[in-house]
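# Structure at a glance
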Amino acid sequence: MKKIKIFDTTLRDGEQTVGVSLNPYEKLRIAKQLEKLNVDVIEVGFPISNKEDFFASKLIAKQVRTPTICAFSRLIKKDINVAYNAIKYSDKPRIHTFIATSKIHRDKKLKKSQEEILRMIYEEVSYAKNLGVEVEFSPEDASRTEFDYMIQTIRTSIDAGATIINIPDTVGDSLPFEFYDRVKKVYDIFSDEFSSGNLELSVHCHNDKGNAVANSITGVMAGATQVECVVNGIGERTGNAALEEVVMNIETKRKYLNAETNICTQELYRTSQIVSELTKIEIPKNKPIVGSNAFCHESGIHQHGILADSNTYETMNPVNVGWVGKKFAFGKHSGKHAKEYLLYDVLKT
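What you are looking at is a predicted structure, and each value in this text was computed from that prediction instead of being measured. (Residues numbered from 1 in each chain as written. Predicted model: local features only at pLDDT ≥ 70, side-chain atom pairs only at ≥ 80, totals over all residues. Heavy atoms only, no water.)

### A short note on helix H9 (residues 212-222)
To keep it simple, the criterion reads: The classification of residues rests on relative accessible area computed with a 1.4 Å probe and restricted to protein chains. Under 20% of the type maximum is buried, over 50% is exposed, and intermediate values are partly exposed. Per the convention used, a helix needs a DSSP run of H or I reaching at least four residues, while a strand needs a run of E reaching at least two, with both numbered from the N terminus.
With respect to burial, H9 is a largely interior element, nine of its eleven residues being buried. Along H9, the residues classified as buried are Ala212, Val213, Asn215, Ser216, Ile217, Thr218, Gly219, Val220 and Ala222.

### Concerning helix H12 (residues 268-279)
Quick reminder of the rule: Given the number of residues in a helix, its expected span is that number minus one, multiplied by 1.5 Å. Residue contacts are defined here by distance: any two heavy atoms, one from each residue, within 4.5 Å place the two residues in contact.
Under the 1.5 Å per step criterion, the end-to-end length of H12 is 16 Å for twelve residues, consistent within 8% with the ideal 16 Å. Counted residue by residue, H12 has nine buried out of twelve residues, so it is predominantly covered. Buried within H12 we find Leu268, Tyr269, Thr271, Ser272, Ile274, Val275, Ser276, Leu278 and Thr279. Tucked inside the fold, the buried residues of H12 contact helix H1 (24-37) and helix H10 (243-252).

### A few points about the sheet that holds strand S3 (residues 41-45)
Rule in force here: Two strands pair under a simple rule: DSSP has to find at least two bridges between them. To get an axis, fit a line to the C-alpha atoms, keeping to the stretch in contact for a helix; angles then go from 0 to 180 degrees between the N-to-C directions.
Ordered in space as S2-S3-S4-S5-S6-S7-S8-S9, the eight strands form a closed barrel in which the pairing is parallel. For this sheet, the mean inter-axis angle between neighbouring strands, taken without regard to orientation, is 25°. As paired elements, strand S2 (residues 5-8) and S3 share two bridges and run parallel to each other. Each residue of the ladder has a partner; that of Asp8, found in S3, is Ile42. Against the sheet, helix H7 (residues 176-189) engages strand S7 (164-169) and strand S8 (200-205), with an angle of about 160° to S8.

### Notes on the environment of Gly239
Position of Gly239 among the secondary structure elements: in the loop between strand S9 (226-229) and H10. Between the C-alpha atom of Gly239 and that of Cys205, which follows or precedes it by 34 residues, the distance is 9.0 Å. The residues touching Gly239, leaving out its near neighbours within four places in the chain, are His206, Asn207, Gly233 and Ile234.

### Here's the deal with the pattern of salt bridges
Spelled out, the test is: Just to be clear on terms, a salt bridge is a Lys or Arg side-chain nitrogen sitting within 4 Å of an Asp or Glu carboxyl oxygen.
Throughout the structure, instances matching the rule amount to 26 salt bridges. Across the pair Arg12 and Asp13 runs a salt bridge whose closest N-O atoms are separated by 3.6 Å. With relative accessibility at 7%, the residue Arg12 sits in the buried group. According to the relative accessible area criterion, Asp13 is buried, its value standing at 2%. Here Glu193 and Arg155 are joined by a salt bridge, their closest N and O atoms 3.0 Å apart. Taken together, the residues span a long stretch of sequence, with Glu193 in helix H8 (residues 191-196) and Arg155 in helix H6 (residues 147-160) at a distance of 38 residues.

Spelled out as structure tokens, the structure:
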């Protein structure tokens, strides 16, 4: 059974949610909870972006020991140096470098040729690698990049020393079967490196069309062994793949996927609550896994089934995700069974 690493980017991509601004000590509190959750990698921020991000990244690198501590960086030496100086205190430091590779980004945003971008990838990934840290490379907007050119950028980054290759669906454009095909082709082309353990394949999916979790899971099916996600699915625009949803899809379908994670699932609900509290983003009641209605039943038919055997209408045990809430709600759809159960419970006490 393959182990899927959970790369949490709540403190970087999640904080890019409109209206969210975490101070360094709030970030540290979340990072310590992520350590309890047993995530494999914490992306602590974008240190070059501001002094607070640098300080927070440094603070976490010094105090959070178990996960890999990762800093985000453009393919610019100044960025890389600042990222390195922020996370060099970690026992397991990583720099996550990226550059946009799709034609629209090359032409409109970067105004650089394919050849210029390839030179930048080789020079800057080599530079980061020579600092003595693990290097992850992302071709930004990979899902809209010409496939052959995307492969060139990946090969160049590997030649320069990158050991984690991340395929981002940056604008949430892909359908699940499209994303599967792209990731599978990448896996097949570099299969020797992936199967030897010298290279790791990662996916990073946005939720613009509501496909982030599905795309992440198809990425796993295509060969990815790292999934990048965010607690509560927050992030740019409509957010990222929700960590709790990715984890529980893998957990409940581990035999089908032949995969598992290291996550302590009993900490999922608490982690969700902490992130909600500090970001001031309310969790929707019907949010999968962690919403207040996630394991609550009003329909009499459903209540009857749950009282007979919870597996009738629940494929997960709420205890296993640390969920706290009311099991039954009473309304016009409720039946006699739950009412009798409630009355018996009251009389018994």
